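An overview of the molecular structure
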Amino acid sequence: MELTKRKAIKIAWLYGLIIGLANLIGSVIPSSSSPDLMYTDMSEWENFLKDESVVVAIISSFCYIIPFLACIIYSSTINPRNLKKRFINMPIAFASLSISGWLYYFIAEFITITIIKNYFKIPVKTILLTSFMYIFLECLFSFTLGFFIMETLHRKVFLPRFFPEGKIASTTGLIKPSNKFLFIVFYISVNLFPVAFLLFAYITMFKKYNDNPDPKVLGFLAIISILDIVIFIIFGHYYSSPLEKLKEGTESVKKGDYSGHVNIVSNDSFGELADTFNDMISSIDMNNKKLIAVQNSILTGMATMVESRDNSTGGHIKRTSDCVRIFVEYLSSQNEYSNLTKKFCNDVIKAAPMHDLGKIAVPDAILQKPGKFTDEEYEKMKQHSAEGARIVGEVLKEVDDEEFKKIAVNVAHYHHEKWNGTGYPEKLSGEEIPFEARIMALADVFDALVSKRCYKESFSFDKAFEIISESAGSHFDPELTKHFIQCRDRLEDLYLRF
């Protein structure tokens, strides 16, 4: 069923009657106990109210007229643009408007007392304090009872009818009561307020007849009230805490973090829901890891296929990947690189095998040439970095992990850039070069130096590290170079195994 302005206004009239009823009940209940009679020195004030009963009745009538007018104004401002928002907000909006009459009454009483206090002997502070207490209770009762009824109708009848598919929480401009707020309102309306009223009614009943209340009954009511408040606090936490934990767990999953579980241990629906949620996350995490493993296998397979065309760099992918792993693990252990997250390090390691994917676009005559390239051939070879970035971007287009995609593209695109700006393809310099590409550059060149190629013999470790050290500040990031050299022992062990 489609929600229209006409239907929304009809429901608004129904809700208007509900808050009117809540205000009426709130005004009738305390009057039977005559709280003003608690104080014997208020006789002149009571006589004034009796003498001006017509004026008082007119002023009091506005306690109902003002909320009614406020609801009409709210309904009249509904239009097609704000229809959904205004309708969903209706219970909390009307419940808030319901207390406007009581606030008006207190303000009117305050103004009246301020005007007549010089002509009558009245206890101003006592009257205002007593009035404030009961106006507060009236507001609390009207708001909680009205909201309880309207929110129940909204949830059980109207929202399912007009929005059967749900998906209303994302609507802009909504007033979203928290679970704790809802519990407080519902609990006050059906339990705490009646108990408090009984206590006040019992006390005022005895004050009316100038008698003393039975201490046992009074103590019993006080104990019930205290226990009620304690239960209210505990019960509120009982509901709000697990829901908050489930919300936090859902937010983590939304961000792609499947490692955390919701810690709710209880033999009830919340515990069952948490167990089901955790099982679901474990299942998603397992399937996600399988997908990542398949994805990595495909990417590594592509890189290996490209490498098989290049008869001069056999094993280059495996060696550079292990070299990158050793390097980033060392960097993450250093204080100056403590900001490197575990995910970043894993992403760089995972991206390393893809750094030369662009060579798939290089002709075999160039890629498999046994000697040095001509200038023209070298220019064609240099195109592999930009082409690799394009291919990696296409391959990872459907991957949700934007951070990993960016790192993988940067590694492929910029691993031949040089610190002094003489590299390719963009001639970036210094920190313009992405950090992950600077890491890859060191691993890539180191492998080329210590590996045998068709146009050169392998260099010794001493010679290779000497060249890398001399290239700090020209080819490589000088700070990263210092740390790379600190990895020498582990790198030598790695290449000796190869």
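As a reminder, the structure under discussion sits directly above these lines.
Positions within a chain are numbered from 1, following the residues in the order the chain's sequence is written. It should be noted that, the model being predicted, local features are given only for residues of pLDDT at least 70 and side-chain atom pairs only at 80 or more, the latter also being counted only at that level, while totals for whole chains, interfaces and linings use all residues. By convention in this description, side-chain values take in all heavy atoms of the structure and omit both hydrogens and water.

Next up on the list: a nonpolar patch on the surface. Candidate patch residues must exceed 30% relative accessible area and have no salt bridge, after which like charges are joined if within 9 Å and Val, Leu, Ile, Met, Phe, Trp or Tyr side chains if within 5 Å. All accessibility values rest on the Shrake-Rupley procedure with a 1.4 Å probe; residue burial counts only the protein chains present in the view. By definition here, a salt bridge exists when the distance from a side-chain nitrogen of Lys or Arg to a carboxyl oxygen of Asp or Glu is within 4 Å. Residues W13, V54, I58, F62, I65, F68, L69 and I72 make up a contiguous nonpolar surface patch of roughly 740 Å² in combined accessible area. Numbering of helices and strands runs from the N terminus; a helix is a DSSP stretch of H or I covering at least four residues, while a strand is a stretch of E covering at least two. Position of W13 relative to the elements: it lies in helix α1 (residues 5-31).

A word on helix α3 (residues 53-76). Taking 1.5 Å per residue as the helical rise, α3 with its 24 residues ought to reach 34 Å, and the 34 Å between its terminal C-alpha atoms agrees with that figure. Residue C63 marks the point of greatest curvature in α3, where the axis turns by about 30 degrees; the proline P67 follows within four residues. Here the expected length of a helix is defined as 1.5 Å per residue gap, with one fewer gap than residues. Bend, at a single residue, is the angle you get between axes fitted to the 7 residues ending at that residue and the 7 residues starting at it.

Glancing now at the environment of K176. Position of K176 relative to the elements: it lies in the loop between α7 (124-162) and α8 (179-208). Using a 1.4 Å probe on the protein chains alone, a residue whose accessible area is under 20% of its type maximum counts as buried, one over 50% counts as exposed, and one in between counts as partly exposed. By relative accessible area, which is 56% here, K176 ends up exposed. For the pair K176 and I88, spaced 88 residues apart in the sequence, the C-alpha separation amounts to 9.7 Å.

Let us look at the pattern of salt bridges. The tally for this structure, following the rule as stated, stands at 16 salt bridges. The salt bridge involving E379 is made with K382; its shortest N-O contact spans 3.1 Å. Taken together, the positions of E379 and K382, both in helix α14 (residues 375-395) and 3 residues apart, correspond to about one turn of that helix. One salt-bridge network, held together by shared partners, links K318, D322 and R325.

P425 follows Y424 through a cis peptide bond whose omega is 10 degrees. If you trace the backbone, P425 turns up in the loop between α15 (402-414) and α16 (435-450). Within the chain, K427 stands out as a residue other than glycine whose phi angle is a positive 55 degrees. Tracing the backbone through its elements, the reader meets K427 in the loop between α15 and α16.

Let us now look at α14. Relative to the 30 Å expected for 21 residues at 1.5 Å per residue, α14 spans 31 Å between its end C-alpha atoms, a close match to the ideal helical length. In the structure, α14 departs most strongly from a straight axis at A386, where the bend amounts to approximately 30 degrees. Listing the buried residues of α14 in full gives E377, M381, K382, H384, S385, G388, A389, I391 and V392.

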